[in-house]
Every structure is written in structure tokens, then in C-alpha cells.
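Letter by letter, the chains look like this.
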Amino acid sequence: MRLTTKGRFAVTAMVDLTQRGGKGPVTLAAISERQQISLSYLEQLFAKLRKNNVVASVRGPGGGYCLARPASKITIADIVVAVDEPLDATNCDRQGNCKDGKPCSTHDLWFGLSERIYEYLQQVNLQQLADGELSKKDEGAPVRMTRGAASATAAV
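This text gives an overview of the structure that appears in the document.

Criteria and thresholds
- Residues numbered from 1 in each chain as written.
- Predicted model: local features only at pLDDT ≥ 70, side-chain atom pairs only at ≥ 80, totals over all residues.
- Heavy atoms only, no water.
- Buried < 20%, exposed > 50% of the residue type's maximum accessible area, 1.4 Å probe, protein only.
- Helix = DSSP H or I, 4+ residues; strand = E, 2+ residues; numbered from the N terminus.
- Arc of directions from axis to C-beta.
- Contact = heavy atoms within 4.5 Å.
- Phe/Tyr/Trp six-rings, centres within 6.5 Å; stacked < 30°, edge-to-face > 60°.
- Pairing = 2+ DSSP bridges.

## What to know about helix H2 (residues 28–35)
Of the residues making up H2, those classed as buried are Leu28, Ile31 and Ser32. One side of H2 carries all its buried residues, which in axial view fall inside an arc of 100°. The inward-facing, buried residues of H2 abut helix H1 (5–20), helix H3 (39–51) and strand E2 (64–67). One or two positions beyond H2, positive phi appears at Gln36, with a value near 55°.

## Thoughts on the packing of aromatic side chains
In the structure shown here, the tally under the stated rule is two aromatic pairs. Ring centres 5.9 Å apart and planes at 85° place the aromatic pair Phe9 and Tyr41 in the edge-to-face group. Taken as a pair, Phe9 in helix H1 and Tyr41 in helix H3 lie far apart in primary sequence, 32 residues in all. The class of Phe9 is partly exposed, set by a relative accessible area of 28%.

## Notes on the pairing of strand E1 (residues 55–58)
Two elements, E1 and E2, share four bridges in a ladder whose sense is antiparallel. Bridging across to E2, Ser57 finds its partner in Tyr65. As consecutive antiparallel partners, E1 and E2 are separated by five residues, and within that stretch Gly60 has a phi angle of approximately 90°, a positive value.

Here you go:
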């Protein structure tokens with residue numbers, strides 16, 4: 001499973017909006033310039049984010065986008081799901097019909113991974129990410145995998 005540019009760009013744009021939105025609405029053109037994301041792509045993403053009540057739009061001069069609710073109440077999973085990014089490591093869309101209509105031998109492994117990814121993204125809110133708090137959390141330390149190692153160890 002790989003998070004596509006849709007999910008990555010949506011989260012990046014939302015962090016930008018959070019960091020700069022305290023002074024009023026933020027234009028997509030400004031986010032586009034700062035983050036080097038196509039304006040037309042941002043328009044598509046923000047239409048989905050608005051439809052899912054993650055952002056609100058302000059029309060007219062001085063208009064743009066602002067958060068629809070406090071950043072501490074918006075999880076990264078909310079953003080990723082709002083832009084239709086699949087959080088699924090299975091090959092069967094979690095249906096359990098991977099092989100001849102039945103679960104394949106590794107279905108539970110990939111299903112469990114999908115669940116863990118979603119749970120992790122549900123635990124991280126936009127404010128934490130915007131404030132850089134993830135790098136400060138011991139529990140969020142990346143896992144370093146080495147070839148031939150019997151187990152993974154947390155990076156320190």
C-alpha cells in the first residue's frame with residue numbers, strides 16, 4: 001500500500017492552511033505557490049474537503065479557505081478519507097474475496113495493516129502535525145527495518 005499524491009498533497013495543503021489560517025481565509029493560489037502543488041489539483045482536493053466539512057470557503061475579495069472546525073478536531077484520517085484516498089493494503093478492497101471468492105492466505109495480515117494505518121492516522125490531529133509535535137513523541141518513532149533482521153527496532 002502506498003499513499004498517493006492525492007493524500008499527501010491534501011495533508012500538506014491542510015498543514016499549510018492551519019499554519020497560516022489564523023489571520024483569515026487562505027487562498028489556494030497562495031498554498032499552491034508555497035507548496036508547489038498545481039492550483040487546479042488543489043481546487044479538486046478542496047472541493048472534496050469542503051464537501052466533507054473539513055474546510056469552509058469564503059467568497060469575495062479577501063476570500064479563500066479556512067478550517068471548518070478547530071485543527072485539534074480534524075484527524076489526518078479525516079483528511080485522507082475526505083479526498084477518497086484508500087487506506088487499504090489488501091488486494092480485495094477488504095472484501096475477503098481475494099482468491100476464488102475466499103480470503104487469500106495473507107488477507108488477515110494486510111487487513112490488519114490497513115486497520116493499524118487508519119488507527120494511527122486517527123490518533124494524529126492536524127494541530128499536532130502543524131505544530132511539529134509528532135517528532136517529539138516517543139511512541140511515534142519510526143521503525144527501522146534491516147535486511148536479515150529477525151525483528152524491527154524503533155529508531156532512536
